[in-house]
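Read off the chains here:
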Amino acid sequence: MEKRVKYTMIKGVALVSVLQILAGMSLTGCGKAEGEDTKGVQSQESTAQPEWEEKVEAPAPAVKGTRVVLDGREYDLADRNTSVNAIVGIQEVDGYWIVEGHISPSASYYGFYNMETGQWDKEFTGYCLTWETVDEEGRAVPFSLDSVVYAVANEVYDSDDELLGRIDLDEAEYEYIWELKRTASGVEVQILNAAVEARNVTIELASAQALAEQ
């Protein structure tokens, strides 16, 4: 009996000590050092201020036929270009919704909707539109409306609808412009034929400026 009581007391002391430690941890949020005064100390969780603000993302566009809802407003692309018969692509790039509308196998409508102002800053009709640009060292250049280029038939235009150059396409080989790429000095044009054979032509911006002055 004596051994059992002694064992129970030791066990009780150990249990109380553990409870005291746990109680100290739950009050301060961390282990209290011996002799440290915690009077008036508040939990860091209750006083800490968030160092960031939650980013509110724009609602995803809703599409039906030629109609699209952007930031709660509905637009019919057929009102902006009567040849548009469907919406085939939407993407968000640096504060813009870029909406592509289908016109024909060789033509599309491209609208650049400014998410801040709620206005359509630029609209183009053509194909192979791109804005992606690399500098002289091959590094990507940040998005800019000024870097937009696109094709119409065998001609290449810039974002101001100025003609940059005409490409001589071999009709006997059924050549067509397949892709445009902006570079620091001009535009690279990739051309394919019916046999899917490729060749490249470069339009230098200096030549394009001379063409515009004629």
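Just so it is clear, the model here is predicted, and its values are computed rather than measured. (Residues numbered from 1 in each chain as written. Predicted model: local features only at pLDDT ≥ 70, side-chain atom pairs only at ≥ 80, totals over all residues. Heavy atoms only, no water.)

Draft legend 1. Seen up close, the pattern of salt bridges. Under the counting rule described, the total for this entry stands at six salt bridges. Among the ionic pairs, Arg 67 bridges to Glu 74, the shortest N-O distance being 3.0 Å. Arg 67 gets classed as partly exposed once you look at its relative accessible area, which sits at 39%. Linking Glu 155 and Arg 166 is a salt bridge whose minimum nitrogen-to-oxygen distance equals 2.9 Å. In this pair, Glu 155 sits in strand E11 (residues 155-158) while Arg 166 sits in strand E12 (residues 163-166), placing the two residues 11 residues apart along the sequence. Looking at Arg 166, the relative accessible area reads 52%, which means it is exposed. Within this structure, Arg 67, Glu 74 and Asp 76 form a network of salt bridges that share partners. (Salt bridge = Lys/Arg side-chain N within 4 Å of Asp/Glu carboxyl O. Buried < 20%, exposed > 50% of the residue type's maximum accessible area, 1.4 Å probe, protein only. Helix = DSSP H or I, 4+ residues; strand = E, 2+ residues; numbered from the N terminus.)

Draft legend 2. Representation of unusual backbone geometry in the model. A positive phi angle, close to 60°, is found at Cys 128, a residue other than glycine. Topologically, Cys 128 is positioned in strand E7 (residues 119-130). Positive phi is not limited to glycine here, since Asp 161 has a value of about 65°. Residue placement: Asp 161 occurs in the loop between E11 and E12.

Draft legend 3. View of the pairing of strand E4 (residues 86-93). Here E4 pairs with strand E5 (residues 96-104) via seven bridges, running antiparallel. Within the sheet, the bridge partner assigned to Gln 91 lies in E5 and is Ile 98. In textbook terms, the turn of a hairpin is the stretch between consecutive antiparallel strands, and for E4 and E5 this stretch comprises two residues, one of which, Asp 94, has a positive phi near 45°. (Pairing = 2+ DSSP bridges.)

Draft legend 4. The arrangement of the sheet that holds strand E3 (residues 73-76) in detail. Read across the open sheet, the three strands follow the order E1-E2-E3; overall the sheet is antiparallel. Each edge of the sheet is formed by a strand with only one pairing partner; in this case those strands are strand E1 (62-64) and E3. When the angles between neighbouring strand axes are averaged without regard to direction, this sheet yields 20°. Where strand E2 (residues 67-70) lies against E3, four bridges are found, and the strand directions are antiparallel. Note on E3: the bridge partner recorded for Val 68 is Tyr 75. (Axes fitted to C-alpha atoms, helices over the stretch in contact; angles between N-to-C directions.)

Draft legend 5. Here's a closer look at the environment of Glu 155. A residue is classified by how much of its surface remains accessible, and Glu 155, at 17% relative accessible area, is buried. Sequence separation of Glu 155 and Asp 168 is 13 residues, and the distance between their C-alpha atoms is 9.2 Å. Residues within four places of Glu 155 in sequence aside, it is in contact with Tyr 150, Leu 163, Gly 165 and Arg 166. Of the polar contacts made by the side chain of Glu 155, one reaches the side chain of Arg 166; its length is 2.9 Å. (Contact = heavy atoms within 4.5 Å. Polar contact = N/O pair within 3.5 Å; in protein donor to acceptor, adjacent residues only side chain to side chain.)

Draft legend 6. Focus on the nonpolar core. Phe 112, Leu 180 and Val 189 are the most contacted members of the largest nonpolar core, which totals 27 residues. Of all elements in the fold, only E5, strand E6 (107-114), E7, strand E10 (149-152), E11, E12, strand E13 (176-182) and strand E14 (186-192) reach the threshold of two or more residues within this core. In terms of residue count, E7 provides more of this core than any other element does, four residues in total. With 13 residues, the next largest nonpolar core counts Val 84, Trp 97, Ala 107 and Tyr 113 among its residues. (Core = buried A, V, L, I, M, F, W, Y, C linked by side-chain atoms within 4.5 Å.)

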